[in-house]
Amino acid sequence: MKNKRIESLEKAATPKKFPDGAAYRSISMASTNQLALEFGVSAREIDISALDRDIVPERYARNMKSFTTRDQKTLLESCVTVVGNGGLGGTVAETLARIGVGSLILIDGDSFEESNLNRQLFSTEALIDQPKAVAAADRITSVNATIQVTHHCCNLEDGNASKLIAGSDVTADCLDNLPTRFTLQKASQTAGIPMVSAAVGGHSGHLTTIFPEDRGLELIFGPPEEAVNLKGAEQSLGNLPFTVTTVAALECAEIVKIILQKDSPLRNRLLIIDLNDYTFETLRLV
Amino acid sequence: MSEIIDLRLFATLQKFNPASPDTFAITPGVTVRDMLEQLGVPIEKAKLIFVNGLKKDLDVALKGGERVGIFPPVGGG
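This report concerns the structure included in the present document.

Here's the deal with the overall build of chain B
Moving on, step 1. Broken down by element type, chain B carries 1 helix and 5 strands.
Moving on, step 2. Going from the N terminus to the C terminus, chain B shows its helices and strands as β-β-α-β-β-β.
Moving on, step 3. At 12 Å, chain B has a C-alpha radius of gyration in line with the 11 Å of a compact globule built from 77 residues.
Moving on, step 4. Per-residue burial over chain B gives 49% buried out of 77 residues.
Moving on, step 5. The long-range share in chain B, meaning contacts at least 24 apart out of those at least 6 apart in sequence, stands at 56%.
Moving on, step 6. For chain B, the exposed area adds up to about 3600 Å²; of that, 50% sits on carbon and sulfur atoms.
Moving on, step 7. Computing the positive centroid from 9 side-chain charges and the negative centroid from 9, chain B places the two 7 Å apart.

A short note on the overall build of chain A
Moving on, step 1. In terms of helices and strands, chain A carries 12 helices and 11 strands.
Moving on, step 2. Against the globule reference of 19 Å for 286 residues, chain A gives a C-alpha radius of gyration of 20 Å, in line with a compact fold.
Moving on, step 3. For the C-alpha atoms alone, the extent of chain A along its principal axes is close to 60 × 40 × 35 Å.
Moving on, step 4. Partitioning the intrachain contacts of chain A with sequence separation of at least 6 by distance along the chain shows that 63% fall at a separation of at least 24.
Moving on, step 5. Working note: accessible area of chain A is about 12700 Å², and carbon and sulfur atoms make up 49% of it.
Moving on, step 6. Seen as two clouds, the 28 positive and the 36 negative side-chain charges of chain A have centres 9 Å apart.

Notes on empty space enclosed by the protein
Moving on, step 1. In the structure shown here, the tally under the stated rule is 2 cavities of 30 Å³ or more.
Moving on, step 2. Space inside the largest cavity adds up to approximately 120 Å³.
Moving on, step 3. Looking at the largest cavity, the residues that line it are I272, E281 and L283 of chain A together with D6, R8, F10, F50, N52, G53, R67, V68 and G69 of chain B.
Moving on, step 4. Among the secondary structure elements, those contributing two or more residues to the lining of the largest cavity are β11 (279-284) of chain A together with β1 (3-9) and β5 (67-71) of chain B.

A short note on helix α3 (residues 43-52) of chain A
Structurally, the α-helix is built with 3.6 residues per turn, so residues lying three or four positions apart point the same way.
Residues and elements named next belong to chain A.
Moving on, step 1. Of all the 10 residues making up α3, 8 are buried; the element is thus mostly covered by neighbouring parts of the structure.
Moving on, step 2. The complete set of buried residues in α3 reads A43, R44, I46, D47, I48, S49, A50 and L51.
Moving on, step 3. Of the residues trailing α3, D54 is marked for its positive phi of about 65°.

Side note on the environment of S78 of chain A
All names here are of chain A.
Moving on, step 1. Structurally, the position occupied by S78 is in the loop between α4 (69-76) and β4 (79-83).
Moving on, step 2. Distance from S78 to D108, taken between C-alpha atoms, is 21 Å for residues 30 residues apart in sequence.
Moving on, step 3. When sequence neighbours within four positions are dropped, the list of residues in contact with S78 reads V101, G102, S103, D169 and I259.

Observations concerning the pattern of salt bridges
Residues and elements named next belong to chain B.
Moving on, step 1. Applying the stated criterion to the full structure yields 15 salt bridges over all chains.
Moving on, step 2. Residues D59 and R33 are paired through a salt bridge, measuring 3.1 Å at the closest nitrogen-oxygen approach. With D59 in the loop between β4 (54-56) and β5 and R33 in helix α1 (residues 32-39), this pair connects stretches of sequence that are 26 residues apart.
Moving on, step 3. The class for D59 is partly exposed, based on a relative accessible area of 47%.

About the cut-offs
Residues numbered from 1 in each chain as written. Chains lettered and ligands numbered in written order. Predicted model: local features only at pLDDT ≥ 70, side-chain atom pairs only at ≥ 80, totals over all residues. Heavy atoms only, no water. Helix = DSSP H or I, 4+ residues; strand = E, 2+ residues; numbered from the N terminus. Rg over C-alpha atoms; globule rule 2.2 N^0.38 Å. Buried < 20%, exposed > 50% of the residue type's maximum accessible area, 1.4 Å probe, protein only. Contact = heavy atoms within 4.5 Å. Areas by Shrake-Rupley, 256 points an atom, 1.4 Å probe, with all protein chains shown as cover. Lys, Arg positive; Asp, Glu negative; His and termini not counted. Charge placed at Lys NZ, Arg CZ, Asp CG, Glu CD. 1 Å grid on protein atoms, 1.4 Å probe; cavity = no way out; pocket = protein on both sides within 12 Å on 5 of 7 lines; lining within 4 Å. Points joined across faces, edges and corners; volume = space filled by probe spheres on them. Salt bridge = Lys/Arg side-chain N within 4 Å of Asp/Glu carboxyl O.

Structure (structure tokens):
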């Protein structure tokens, strides 16, 4: 059976060239889908088998000069939970789906409001009052139907957090409030999952990575019992789309590094950006 | 005698930046807390204090020549 699949993959592979002239073997989306149907497995499994044979699913061809086929396979076999599917979370979810992170768990209890339209990628006029997690799942499926998407239209709480994030390789904190950020940190640390935490306000934002044994958010916001009452500076700064998109992109770069290198340049460090004067600084928290 | 520091106030604190923040004159030995009070910065907003790229607290004393960044954490998503 497995041999038959390999034979079919080899037959479906077509020779192509990268823009620099280097040759590679490619498999098209249509061929992947056809083989998935033929062998009764998911398209993602076909793409993983293809990568095992050094055959590049064409949708990932432009990843290939930065990633090896083995890296791409690792991404396809990974799962990221995106908590908050608004500004940061929308762009993070879409970017991870496009780069080929194979499983995404999307969590958001909110619905879109008009004031989200300036920056939240999945918000449209037609989707006002509709749940963000549903919109996110629909969009991800239309961008990359091979991704395994699970969505939850509820807020993350102490009672449900460990169940919702179970099986993730990384959690992405794209939340807009401090108490839930601490809830996600606690659940991620208990489950032994690294968490990438991003926050924005006006022209500024910051990003850090928290491993299970790290002090994490309290190094930025102070002890949780004080921080839960802290009003973030974004309340008087608003939220701008280019800041949100920039910080979301940085968050994805960090998530992919953690998945592929099992390491993080931003662990116990805080990347601060200020787009007023294009400040990008990485500061040591400990 | 005064010394020069490179001072940067970010986000909501930007409006408290002095005229030439990158050549801001201090009295050696002054603490970050005293300096911020002189600039009128609300101390409770100065959560993240960085001196030469390292996190410090309000009571760190400055000698001159440091790069000092003060950042109020943001929390939006």
